[in-house]
Amino acid sequence: MKKFRGIFPALVTPFDENGKIHPGAVEKLIESCLEKGASGFYVGGSTGESYLLSVEERRFMLEQVMKAVDGRADVIANIGLFSTEQGVELAKHAESLGVSAVSSVPPFYFPFTLDEYVQYYNDLADSVDIPVIIYNIPAMSGITFQTEDIRRFFSNEKIIGMKHTSYDLFQLERVLGEYPEKSIFCGHDELFLSASVLGVEAGIGSTFNFMAEKFVRIQKLISENRWQEASVIQKEANAVIEALAKVGVFKGVKAALKLQGIDCGDCRRPFAPLEKEQEKFLQEVLEQNHCL
Ligand code: MN9
């Protein structure tokens, strides 16, 4: 079973001045993340504004990423949408492009039963020859899985891991201990060090778009048992994340990238652009914490 390790930016979707996906900016962003030590990429997640894109655009974005990465790193594609049929279609497309795994939020909007979610993930796993990763993100999907539920998903061997974007560290600890062979990704960057204490070896995050090097460094320091030094870096990252949360995380990530010279445009409406004072505030915090 493949086990993923390292830092995986949950890529933003770069837009040009007309609001269209910008392939040049995709390339630039990927080069910058690879230089900072990223091990792979997560495409089509919340940070990528995926549910503000058409299905055609989601395919197009993934195609651009695969071209730019060109086999130099793992790519995981989130294909979740409303129905099994749509998920399977996007999963097959992702597989045809050569991604390392597909991931999926549970189908949302309609409340399904747990049996239906289990069936969904099993259908997805049956539809492709690549591994499947659960996307556990209760705050956005509105669906909270119990640890028991995760055990049911994980009884399928093709379901090789989970992106845990939840503050439930108890659940994370239980799952990590029970499934050492599975790839459990920390999905909240601000918890990365805490999740690492529990044994997490990989992270998927929006802030890795512009500060991957901090988390690469944290992992390196941990491997050398230098926890105190790792916590200093996590503290810096968390000061930045707190500022991002104040202005809106995805908009803030795009603003930070712009300040680093990688213009990915603004987030799509109904997200509103950052106000001037918010930009100024963010810039100050980024400077104070060695991101610029
Ligand atoms: O991809 C991201 N989660 C969401 C993971 O998009 C909801 C995280 O990186 C968070 O944006 C970050 C701030 O809470 O940890």
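The rules behind each value
Residues numbered from 1 in each chain as written. Predicted model: local features only at pLDDT ≥ 70, side-chain atom pairs only at ≥ 80, totals over all residues. Heavy atoms only, no water. Pairing = 2+ DSSP bridges. Helix = DSSP H or I, 4+ residues; strand = E, 2+ residues; numbered from the N terminus. Axes fitted to C-alpha atoms, helices over the stretch in contact; angles between N-to-C directions. Contact = heavy atoms within 4.5 Å. Buried < 20%, exposed > 50% of the residue type's maximum accessible area, 1.4 Å probe, protein only. Right-handed = clockwise from strand over helix to strand, strands pointing away. Phe/Tyr/Trp six-rings, centres within 6.5 Å; stacked < 30°, edge-to-face > 60°. Lys NZ or Arg CZ within 6 Å of the ring centre and 35° of its normal. Expected span 1.5 Å × (residues − 1). Near = heavy atom within 4 Å. Polar contact = N/O pair within 3.5 Å; in protein donor to acceptor, adjacent residues only side chain to side chain. Areas by Shrake-Rupley, 256 points an atom, 1.4 Å probe, with all protein chains shown as cover.

Undergrad: What exactly am I supposed to notice about the sheet that holds strand β3 (residues 74–78) here?
TA: Sheet strands associate in pairs through backbone hydrogen bonding, adopting either a parallel or an antiparallel arrangement. Here eight strands make up an open sheet; going across it, the order is β1-β8-β7-β6-β5-β4-β3-β2 and the pairing parallel. Strands at the two margins of the open sheet, each flanked by one partner only, are β1 (6–9) and β2 (40–43). In this sheet, neighbouring strand axes are inclined to one another by 25° on average, regardless of whether the strands run parallel or antiparallel. Where strand β4 (residues 101–104) meets strand β5 (residues 132–136), three bridges bridge the pair, whose relative direction is parallel. Bridging from a neighbouring strand, S103 pairs with I133 of β5. Helix α9 (residues 208–223) rests against β1 and β8 (202–205) of the sheet, and its axis sits at about 170° to β1.

Undergrad: Would you mind going over the pairing of strand β6 (residues 159–164) with me for this structure?
TA: Across a regular strand the side chains alternate sides, sitting on one face of the sheet and then on the other. By the criterion of burial, β6 is predominantly enclosed, with six of the six residues buried. As judged from the five bridges shared by β5 and β6, these two strands associate in the parallel manner. Paired with I134 across the strands is M162, a residue of β6. Inspection of the sheet shows β6 paired to strand β7 (residues 183–186) by four bridges, in the parallel sense. The residue of β7 that forms the bridge with M162 is I184. Tracing the backbone out of β6, into helix α7 (residues 169–178) and back to the parallel element β7 gives a crossover that is right-handed.

Undergrad: When you look at the packing of aromatic side chains in this model, what are you seeing that I'm missing?
TA: Each aromatic ring pair is described using two quantities: the centre-to-centre distance and the angle formed by the ring planes. Using the criterion set out here, one finds 18 aromatic pairs in the structure. Summarising the aromatic geometry, the rings of Y51 and F108 are spaced 4.9 Å apart at their centres and angled 85° between planes, so their arrangement reads as edge-to-face. In this pair, Y51 sits in the loop between β2 and α2 (55–69) while F108 sits in the loop between β4 and α4 (114–127), placing the two residues 57 residues apart along the sequence. With a centroid separation of 5.9 Å and an interplanar angle of 90°, the aromatic rings of F112 and Y117 are classed as edge-to-face. Through successive ring pairs, a cluster of aromatic residues spans Y109, F110, F112, Y117, Y120, Y121, F145 and F153. Looking at K163, its charged tip hangs above the ring of Y42, at a distance of 5.5 Å from the centre.

Undergrad: Can you help me understand α2 in this one?
TA: Side chains of residues three or four places apart in an α-helix project in the same direction, reflecting 3.6 residues per turn. Given a rise of 1.5 Å per residue, 15 residues ought to cover 21 Å, and the 21 Å separating the end C-alpha atoms of α2 matches this to within 8%. All of the buried residues along α2 are E57, R58, R59, M61, L62, Q64, V65, M66, A68 and V69. Contacts from the buried residues of α2 go to α1 (23–35), β2, β3 and α3 (84–97). Taken from the residues just after α2, D70 is the one with a positive phi, measuring 50°.

Undergrad: Help me understand the site of the ligand in this model?
TA: Around the ligand, the structure places 17 residues, and the nearest of them are K163, G187, D189, E190 and S206. Here an oxygen atom of the ligand sits 2.6 Å away from a polar atom, N or O, in the side chain of E190. When the ligand is considered free in solution it has 380 Å² of accessible area, and contact with the protein chains removes 92% of it. Every element with two or more residues in the shell around the ligand is listed here: β8 and α11 (249–259).

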